[in-house]
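Spelled out from the first residue to the last, the chains are:
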Number of protein chains: 2
Amino acid sequence: MQSAEPSRAFDVVALCVQAQAASRQLAQLSEAQKNQILSDMATALIEATPAILAANALDMAAAREKDLAPAMQDRLLLTAERLQQLAAAVRQIAALPDPVGQIRQLAPRPNGIQVGRMRIPLGVIAMIYEARPNVTADAGALCLKSGNAVILRGGREALHSSLAIAAVLQQVLGKHQINPAAIAVLPDPDRAILLELLQQKAYVDLVIPRGGEGLIHFVSDNSRIPVIQHYKGICHLFVDKAADPDKALALLLNGKTQRPGVCNALETLLVHQDIAAAFLPLAGAALAEKGVQVFACPRSLGYFNAAQAAGPSQYDTEYLALALSVRVVDSFADATAHIEQHSSGHTEVICTQDISRAQRFLKQINSAVVMVNASSRFSDGGELGLGAEIGISTSKLHAYGPMGLESLTTEKYIVIGDGQVRQ
Amino acid sequence: MQSAEPSRAFDVVALCVQAQAASRQLAQLSEAQKNQILSDMATALIEATPAILAANALDMAAAREKDLAPAMQDRLLLTAERLQQLAAAVRQIAALPDPVGQIRQLAPRPNGIQVGRMRIPLGVIAMIYEARPNVTADAGALCLKSGNAVILRGGREALHSSLAIAAVLQQVLGKHQINPAAIAVLPDPDRAILLELLQQKAYVDLVIPRGGEGLIHFVSDNSRIPVIQHYKGICHLFVDKAADPDKALALLLNGKTQRPGVCNALETLLVHQDIAAAFLPLAGAALAEKGVQVFACPRSLGYFNAAQAAGPSQYDTEYLALALSVRVVDSFADATAHIEQHSSGHTEVICTQDISRAQRFLKQINSAVVMVNASSRFSDGGELGLGAEIGISTSKLHAYGPMGLESLTTEKYIVIGDGQVRQ
């Protein structure tokens, strides 16, 4: 990838033009054609194991030299087994139903024209992500299955790995007479190049940033293209007065401790005052056993052995760690008001045996995922049945919550007449 | 509306906070409650005819003084009869089905949790429009029916009329114990205030500009909130070799001449070479009779008496007048390639009796509305069966094409379990 030119000479617009041309080709493929390409890609990824691991070794050597955090190094590392998993994920995407071409609501109007909606790809997606080489294959496959071209801009640390994976996918595209720009990689991680990409609204239809809040803010502050925004997940569990304490305890422990570092982990426990005296001692013992640090309101503080008093910003904190905010509320209305004020719009859970209160919670709370008697940890594309997830949106436009293939499409109107004109 | 304070002292953020509070109230109303409010609004608009016409007289006097164009003055003018129409439109919106609360795809996952999608309002909509007082009632009613609060910012020339209409709607809201900020009007048309509104992404979920290209560019260049974009309508009619010439002629004349000044009027006629000799003489005579100025490609020029040769930018021109670009194409593929290159993504029509070519056109062309044997003039919300239209989107994100009530909503996930946790 060496060049005599300085990196800024990379032609972003030319890449976008190619990606748009490729997107028009992809939009016309049948589901069977796309599935065949994806299956061939899975096979090719495994066959290319030595080349991909060699490229990954370059990234890993640089990562060790730069002394990257062990967790980052682990995300960066590819192995033969991980490549098998990557290929399996591509095959799973091939097996998902294709949303493109689906028609709904086709019905006649009084003048006899038939009007319906047909699902179509968005066109060109730009994925901006951090140093995770697996996203290159994953996002490439999801975009292909939904008929979109994708421009991938991963983290600098994974560039060799990403380019090696993309090269394999592009070879398969070429064999199927598809423009390889259908899965394009920005070969230069320079921020100036990213900024230029984010201006290309004539060619790129959607930007999906995946990563930390800093990356998402940078992208959405600088993009002239619509951006899917996914900020923090401050997820609430409300233990209603009509809760089954055993279920509530299970949801609390699973939500907080099964994987505390992810956005669908619980951050705040709200407890109805009528059940506080019964539930909080159980919660206190179980949380202590798991080593969860509790930040408690004055009314709940006494139930915990080593809790700290909740400070003013406590209920707006995403811990992503074994820590939890706790508050006793007077009523159902106080619980929903607390959630409306502090929620990040991600996932909220009620634990209750009362069907009326369950229905009221489902209707009233307008976060992206609203649950009754289920763990917040189910709030991801795979668990909710999307098959795969390309991102999560916590803003309501276009997509809200986990995004699967359908979120990479839109609907056009189709009209079939027999010569009708407007009077 | 006079004040001792300078206009810049108007508190945009306070208005947005109120609108957001109101939106949470609206999101919880039942369809019956919303319909009753809308019905009361229709009645109140008619009862308030004298007050509204008095306010409108102030706007009309200023318009005459400023010597506004007659067409603009006509759009500004309210009469008792027009207020009756306005009230009737509000009643029609009440009669539309409510998208909010609809649930789809509710189905169990292998672990027994049930997962579905529930339709919810977006929250707060900002409508930016020109001097059309009817939009104030129309947009207010559409947003209310879909459970959204709306902040209305109409043109300066219609401000007295808009405030008078909004005051009537707000009185009805008050009688139903709804925060009147559910239908808020920016009382100051200053651009600095508009700019401030466009920054309030913590409170406003969507901006819908309605008006000329200048307004839409200004709004989308300056907004930090997602904007529905509706640029030009360069609509194409492709007369295929398998077209019925009579139908083709009817679609051409209706599309071009029934109302040439609107975005769903035809701007370009493409004719397959195999039918050119049969069709173009008919088209030439009929267009001449209607006084349509033709800009023709070299191969079609000879068929028209007074045509001019098409210049380089002709096929990118939105005439909005009795003028038409004409081009003979070699093939179906040339027609679709021309459309891909020059289309604005609004509406394209094929005239053909061949079902395979019709299907191919429907699948291949990804404009917002794609038609077979029907007039492009049907491309609006009312004609397509949406009941009412709040805007048209020519970008694919969130909404594409005419936008009805459903476009003012999004979907959240709902999950109903019985204590399940993630393994």
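Conventions we followed
- Along each chain, residues carry numbers from 1 onward, in the same order as the chain's sequence is written.
- All chains are assigned letters beginning at A, and all ligands numbers beginning at 1, according to the order in which they are written.
- Whole-chain, interface and lining totals are the exception, using all residues; otherwise, since this is a predicted model, local features are given only for residues with pLDDT of at least 70 and side-chain atom pairs are given and counted only at 80 or more.
- Only heavy atoms go into the side-chain values, all of them from the structure, while hydrogens and water stay out.
- A contact between two residues is defined here by any heavy atoms of the two lying within 4.5 Å.
- In this description, buried area is defined as the sum, over both parts, of the accessible area (probe of 1.4 Å) that is lost when the two are combined.
- We define a salt bridge as a contact between a side-chain nitrogen of Lys or Arg and a carboxyl oxygen of Asp or Glu at a distance within 4 Å.
- In protein, a polar contact means a hydrogen-donor-capable atom and an acceptor-capable atom, both N or O and within 3.5 Å, with residues adjacent in sequence counting only if both atoms are side-chain atoms; elsewhere, any N or O pair within 3.5 Å suffices.
- Put simply, Ala, Val, Leu, Ile, Met, Phe, Trp, Tyr, Cys and Pro go in the nonpolar bin, Asp, Glu, Lys and Arg in the charged bin, and everything else, Gly too, in the polar bin.
- Here, strands pair whenever DSSP counts at least two bridges between them.
- Elements are defined by DSSP. Helices are runs of H or I of four residues or more, strands are runs of E of two residues or more, and each kind is numbered from the N terminus.
- All copies are superposed by least squares; the fitting set is the C-alpha atoms of residues with a pLDDT of at least 70 in both.
- Annotation comment: domain bounds sourced from an automatic or database domain assignment.
- Here an axis means a line fitted to C-alpha atoms, over the contact stretch when the element is a helix, while the angle between two N-to-C directions is reported on a 0 to 180 degree scale.
- Angle categories are assigned with fixed cut-offs, so that under 35 degrees is roughly parallel, over 145 is roughly antiparallel, 65 to 115 is roughly perpendicular, and the rest are oblique.
- For a crossing to be left-handed, the near helix must be turned anticlockwise from the far one by less than a right angle; the clockwise case is right-handed.
- Three labels apply to residues, based on accessible area from a 1.4 Å probe with only protein chains included: buried if under 20% of the type maximum, exposed if over 50%, partly exposed otherwise in between.
- What a helix should span is 1.5 Å times the count of its residues minus one.
- Two axes enter the definition of the bend at a residue: one is fitted to the seven residues ending there, the other to the seven starting there, and the bend is the angle between them.
- Definition of nonpolar core: a set of buried residues of the types Ala, Val, Leu, Ile, Met, Phe, Trp, Tyr and Cys, connected through side-chain atoms within 4.5 Å.

**Student:** Hey, could you run me through the interface of chain B and chain A in this one?
**Tutor:** Interface size is often expressed as the accessible area that is lost when the parts come together. Of the residues lining the interface, 74 residues belong to chain B; the matching set on chain A comes to 74 residues. Carbon and sulfur atoms supply 49% of the area buried between chain B and chain A, which totals about 6,100 Å² over both sides. When residues of chain B are sorted by the area they lose upon contact with chain A, B:L397, B:Y413 and B:R422 head the list and together hold 14% of the total. Joining chain B to chain A, the criterion identifies 12 salt bridges. Between B:R422 and A:D380 there is a salt bridge, with the nearest N and O atoms lying 2.8 Å from each other. Scanning the region where chain B abuts chain A turns up 55 residue pairs in polar contact (both at pLDDT 80 or more). When grouped by side-chain class, the residues that make up the side of chain B that touches chain A number 32 nonpolar, 22 polar and 20 charged. Note: strand 16 (residues 409-420) of chain A against strand 13 (residues 369-374) of chain B, five bridges, orientation parallel. Bridging across to strand 13 of chain B, A:I416 finds its partner in B:V372.

**Student:** Explain the relation of the copies chain B and chain A to me, please; I cannot follow it from the model alone.
**Tutor:** Once chain B is rotated about the relating axis by 180 degrees and shifted along it by 0.0 Å, it coincides with chain A to within an RMSD of 0.0 Å. Given the turn and translation reported, the copies of this chain are related as if by a two-fold rotation axis. By C-alpha distance to the rotation axis, the residue of chain B lying nearest is B:H398, at 1.8 Å. The share of interface residues of chain B whose copies in chain A are also at the interface is 100%, consistent with both copies meeting through the same surface.

**Student:** Would you mind going over the domain arrangement of chain A with me for this structure?
**Tutor:** When the domains of chain A are assigned, the result is domain 1 (9-229 + 403-414) and domain 2 (235-383). Computed from C-alpha coordinates alone, the two centres of domain 1 of chain A and domain 2 of chain A are separated by 36 Å.

**Student:** Looking at this model, I keep getting lost on the packing of helix 2 (residues 31-47) of chain A against helix 7 (residues 159-175) of chain A. Mind explaining?
**Tutor:** Axis angle and axis distance: for two packed helices, these are the angle between their axes and the distance between the axes, and together they describe the pair. All names here are of chain A. Remark: helix 2 packs on helix 7, axes separated minimally by 9 Å, with the N-to-C direction vectors making an angle of 135 degrees. The orientation of helix 2 with respect to helix 7, classified from their angle, is oblique. Judged by the twist between their axes, the crossing of helix 2 over helix 7 is right-handed. When helix 2 is examined against helix 7, the residues I37, D40, M41, A44 and L45 are found in contact with a partner set consisting of I165, V168, L169, V172 and L173. Among the residues making up the contact of helix 2 with helix 7, the classes are represented as nine nonpolar, no polar and one charged.

**Student:** Looking at this model, I keep getting lost on the sheet that holds strand 2 (residues 114-121) of chain A. Mind explaining?
**Tutor:** Adjacent strands of a sheet form backbone hydrogen bonds with each other and so pair up, either parallel or antiparallel. Taken in spatial order, the 10 strands make up an open sheet running 1(A)-2(A)-16(A)-13(B)-12(B)-7(B)-8(B)-11(B)-9(B)-10(B), and their pairing is mixed. Unpaired on one side and paired on the other, strand 1 (103-108) of chain A together with strand 10 (308-309) of chain B mark the two borders of the sheet. Note: strand 9 (residues 293-296) of chain B against strand 11 (residues 323-329) of chain B, four bridges, orientation parallel. Its bridge partner lying in strand 11 of chain B, B:Q293 is registered against B:A323. Most of the contacts of helix 10 (residues 245-257) of chain B go to strand 8 (residues 266-272) of chain B, to which it runs at about 160 degrees, and overall it touches strand 16 of chain A together with strand 7 (235-239), strand 8, strand 11, strand 12 (347-351) and strand 13 of chain B.

**Student:** Teacher, can you tell me more about unusual backbone geometry here?
**Tutor:** The general pattern is negative phi for most residues beyond glycine and trans for most peptide bonds. Residues and elements named next belong to chain A. Residue L320 is not a glycine yet carries a positive backbone phi of 55 degrees. With respect to the helices, strands and loops of the structure, L320 is situated in the loop between strand 10 (308-309) and strand 11 (323-329). By relative accessible area, L320 is classed as partly exposed at 37%. Of note, the phi angle at H398 is positive, near 70 degrees, even though the residue is not glycine. Residue position: H398 is located in the loop between strand 14 (391-393) and strand 15 (401-403). Of the residues examined, H398 reaches a relative accessible area of 18% and is grouped as buried.

**Student:** Would you take a moment to explain the pairing of strand 16 (residues 409-420) of chain B for this structure?
**Tutor:** Regular strands place their side chains on alternate faces of the sheet. All names here are of chain B. Most of strand 16 is tucked away: 10 of the 12 residues are buried. Bridging between strand 2 (residues 114-121) and strand 16 involves eight bridges; their strand directions are antiparallel. Considered in strand 16, the bridge of R117 is made with Y413.

**Student:** What is the right way to look at helix 2 of chain A in this model?
**Tutor:** Three or four residues apart is the spacing at which side chains of an α-helix point the same way, because the helix has 3.6 residues per turn. Residues and elements named next belong to chain A. In a regular helix each residue adds 1.5 Å, so 17 residues correspond to 24 Å; helix 2 covers 24 Å between its end C-alpha atoms and thus fits that length. K34, I37, L38, M41, A42, A44 and L45 are the residues of helix 2 that are buried. Looking at the buried residues of helix 2, the elements they touch are helix 3 (49-65), helix 5 (80-95), helix 6 (133-145), helix 7 and strand 5 (183-185).

**Student:** Explanation requested: the sheet that holds strand 8 (residues 266-272) of chain A in the structure shown.
**Tutor:** Reading across from one edge, 10(A)-9(A)-11(A)-8(A)-7(A)-12(A)-13(A)-16(B)-2(B)-1(B) is the order of the 10 strands in this open sheet, with mixed pairing throughout. Each of the sheet's edge strands pairs with one partner strand only, and the pair in question is strand 10 of chain A together with strand 1 (103-108) of chain B. Strands in contact with helix 11 (residues 273-289) of chain A are strand 7 (235-239), strand 8, strand 9 (293-296) and strand 11 of chain A; relative to strand 8 of chain A, the strand with the most contacts, it is inclined by about 145 degrees.

**Student:** It is not clear to me how the pattern of salt bridges should be interpreted in this structure. Could you clarify?
**Tutor:** For side chains bearing opposite charge, pairing can occur when the charged atoms are close. One pass over the full model with this rule turns up 32 salt bridges over all chains. One salt bridge connects B:D98 with B:K34, and the closest N-O pair in it is separated by 2.8 Å. On the criterion of sequence distance, the pair formed by B:D98 in the loop between helix 5 (80-95) and strand 1 and B:K34 in helix 2 (residues 31-47) is long-range, its members being 64 residues apart. Per residue, the accessibility class of B:D98 equals that of B:K34, and both read buried. Where B:R82 meets B:D74, a salt bridge forms, and the shortest distance between an N and an O atom there is 3.0 Å. The partly exposed category is assigned to B:R82, whose relative accessible area is 28%. Through salt bridges with shared partners, a single ionic network connects A:R104, A:R117, A:R119, A:E406, A:E411, B:R104, B:R117, B:R119, B:E406 and B:E411.

**Student:** How should I be thinking about the pairing of strand 1 of chain A in this particular structure?
**Tutor:** All names here are of chain A. Pairing analysis gives four bridges linking strand 1 to strand 2, with the strands arranged antiparallel. Its bridge partner being in strand 2, A107 is matched across the sheet by V115. Count of turn residues in the strand 1/strand 2 antiparallel hairpin: five residues, of which G112 carries a positive phi of about 95 degrees.

**Student:** Explain helix 11 of chain A here, please?
**Tutor:** Residues and elements named next belong to chain A. With 17 residues, helix 11 extends 24 Å from end C-alpha to end C-alpha; this agrees with the ideal 24 Å at 1.5 Å per step. The largest bend in helix 11 comes to about 45 degrees, at F279, with the proline P281 one to four residues further on. As for helix 11, its buried residues are in contact with strand 7, helix 10 (245-257), strand 8, strand 9, helix 12 (298-301) and strand 11. Positive backbone phi, approximately 75 degrees, marks G291, located one or two places after helix 11.

**Student:** I'm lost on the packing of helix 2 of chain B against helix 3 (residues 49-65) of chain B in this one. Help?
**Tutor:** Residues and elements named next belong to chain B. Look at helix 2 against helix 3: their axes get within 5 Å of each other, and the N-to-C directions meet at 65 degrees. Here L45, I46 and E47 of helix 2 come into contact with helix 3, specifically with T49, P50 and I52. Here the residues of the contact of helix 2 with helix 3 are counted per class, giving four nonpolar, one polar and one charged.

**Student:** What exactly am I supposed to notice about the environment of B:T79 here?
**Tutor:** Following the sequence through the fold, B:T79 ends up in the loop between helix 4 (70-76) and helix 5. At 3.0 Å, the side chain of B:T79 forms a polar contact with the backbone nitrogen of B:R82.

**Student:** Quick question: what am I supposed to make of the nonpolar core here?
**Tutor:** Soluble globular proteins tend to pack their nonpolar side chains together in the buried interior. Counting residues in hydrophobic clusters, the biggest one holds 79 residues, and the most contacted among them are A:M41, A:I52, A:M127, A:I151, A:L197, A:I208 and A:I390. No other element matches the nine residues that helix 7 of chain A contributes to this core. In this view, A:I52 contacts A:L45, A:L78, A:L83, A:A164, A:I165 and A:V168; residues no more than four positions away in its chain are not counted. Listed in part, the 77 residues of the second largest apolar core include B:A126, B:L197, B:V207 and B:I225.

**Student:** What's the story with the side chain of B:S220 in this structure? I'm lost.
**Tutor:** Looking at where B:S220 falls in the secondary structure, it is placed in helix 9 (residues 213-222). Sequence-distant contacts of B:S220, defined by excluding residues within four places in its chain, comprise A:K201, B:V227, B:Q229 and B:Y231.

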